[in-house]
Amino acid sequence: MAKASRKRGARGSRQPRQQAPPPSASPNWPVLALAVIGLGLAGYLTGTAWMGEKAAFCEAGADCDIVLNSRWSVLLGLPTSLWGFFVYAILAGGAFMKRRSKRWKLLAAVSLFGVAYSVYLTVISMYRLEAACPYCLTSLALLAAIFAVTLFQIPQVSRRVAWQPWIGSSVLAAGVAVVALHLVFYTGGPGIAAGKEDPWIRGLAVHLEEIDAKMYGAFWCPACDSQKELFGASAHRIPYVECSPGGRSAPVASKCLAAGVRSYPTWVIKGQRHTGVLSPASLADRAGYGGVKAPERQGG
């Protein structure tokens, strides 16, 4: 009887199984505050992009102007800043989730992807465009802060989430997503438009080549991308000369120096120099191209 009593007492003294943490009654305030700031930043940049205006402190030719008007400023036909707005909106909404484990998973995965993609864009701007955008760096800092907050909150969810493999799989998924988006940029950027060529535009590009006209430009020049976009699927036919093959800080190509090129794009047609973006109709007039029918196009 004494042994049985002691056994029952021992069983009765066992600690109860730990319960899941109770649902959170309040939002994740640090994440929500940072996400709201990000929404304001991304919304502002999206608005300026749609209205064709320059962001504050981004004069023409400034580093941020180059970055915000580069091929990396548009993804799948929408401003990259709009995609950032969606990311911040998901993070802001996720801050209100009551289940701590599910909330943590969502915030960790989305903020990790945001950091990875922002780092990718920062590397591109610094090493490809040789320009730094304060707005983009601010967004990177916000996303990094949100991710840091989620890591700091691991003790709150560690009993319900195997967070180490979760972070590992999220890092892998974010890396794959960034690589996929990188391929999108390099197969669908300005001047590489898909679809059928406009016969008149195609004929104009061929005519410019035949009369030895030249378009001098630089890969980091937003106006040069705009000029190529006016040729649509025929952009690859433009008689183009790259003046900055080594980047913005490298010496200008000798052909461009010899032609006296000082700004991009610069057209040289029949010995005459024309700077800035020119519409196909304006180019046709200067090049003496008739063709079948001049389509209505915008440009100078």
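Let me sum up the structure you'll find in this document. (Residues numbered from 1 in each chain as written. Predicted model: local features only at pLDDT ≥ 70, side-chain atom pairs only at ≥ 80, totals over all residues. Heavy atoms only, no water.)

Inspection of the entire model under this criterion finds six aromatic pairs. Measuring from ring centre to ring centre gives 6.0 Å for Y117 and Y120, while their planes differ by 20 degrees; the resulting arrangement is stacked. Here the residue Y117 and the residue Y120 both occupy positions in helix 5 (residues 100-128), the gap between them amounting to three residues, near one helical turn. Each member of the pair Y117 and Y120 is classed as buried. (Phe/Tyr/Trp six-rings, centres within 6.5 Å; stacked < 30°, edge-to-face > 60°. Helix = DSSP H or I, 4+ residues; strand = E, 2+ residues; numbered from the N terminus. Buried < 20%, exposed > 50% of the residue type's maximum accessible area, 1.4 Å probe, protein only.)

What follows concerns the nonpolar core. In this structure, Y88, L91, L204, L208, F231 and W267 are the most contacted members of the largest nonpolar core, which totals 69 residues. Sequence-distant contacts of L208, that is, excluding residues within four places in its chain, are made with A213, F231, P239, W267, I269 and A287. Of all hydrophobic cores here, the second largest spans seven residues; its members include Y216, A253, C256 and A259. (Core = buried A, V, L, I, M, F, W, Y, C linked by side-chain atoms within 4.5 Å. Contact = heavy atoms within 4.5 Å.)

What follows deals with helix 4 (residues 80-94). The end-to-end C-alpha separation of helix 4 is 21 Å, in line with the 21 Å expected for 15 residues at 1.5 Å each. Turning to helix 4, its buried residues number three or more, namely T80, S81, L82, V87, Y88, L91, A92 and G94. Each element contacted by the buried residues of helix 4 is listed here: helix 2 (29-51), strand 1 (74-75), strand 2 (78-79), helix 5 and helix 6 (134-152). (Expected span 1.5 Å × (residues − 1).)

Moving on, we come to the pairing of strand 5 (residues 266-269). Here strand 3 (residues 214-217) pairs with strand 5 via three bridges, running antiparallel. For M215, the partnering residue across the bridge sits in strand 5 and is W267. Pairing of strand 5 with strand 6 (residues 272-275), which is carried by four bridges, proceeds in the antiparallel orientation. The residue bridging V268 from the neighbouring strand is R273, located in strand 6. (Pairing = 2+ DSSP bridges.)

Where strand 3 meets strand 4 (residues 240-242), three bridges bridge the pair, whose relative direction is parallel. Residue pairing in the sheet places M215 in a bridge with Y240 of strand 4.

Now for the packing of helix 4 against helix 6. The description of two helices packed together rests on the angle between their axes and the distance between the axes. Running from N to C, helix 4 and helix 6 point in directions that differ by 25 degrees, and their axes come no closer than 12 Å. Taken together, helix 4 and helix 6 sit at an angle that is classed as roughly parallel. In terms of crossing hand, the pair formed by helix 4 and helix 6 is left-handed. Only S139, L142, L143 and I146 of helix 6 make contact with helix 4, whose side of the interface consists of V87, Y88 and L91. Counted by class, the contact of helix 4 with helix 6 contains six nonpolar, one polar and no charged residues. (Axes fitted to C-alpha atoms, helices over the stretch in contact; angles between N-to-C directions. Parallel < 35°, antiparallel > 145°, perpendicular 65-115°, else oblique. Left-handed = near helix turned anticlockwise from the far one by under 90°. Nonpolar A, V, L, I, M, F, W, Y, C, P; charged D, E, K, R; others polar.)

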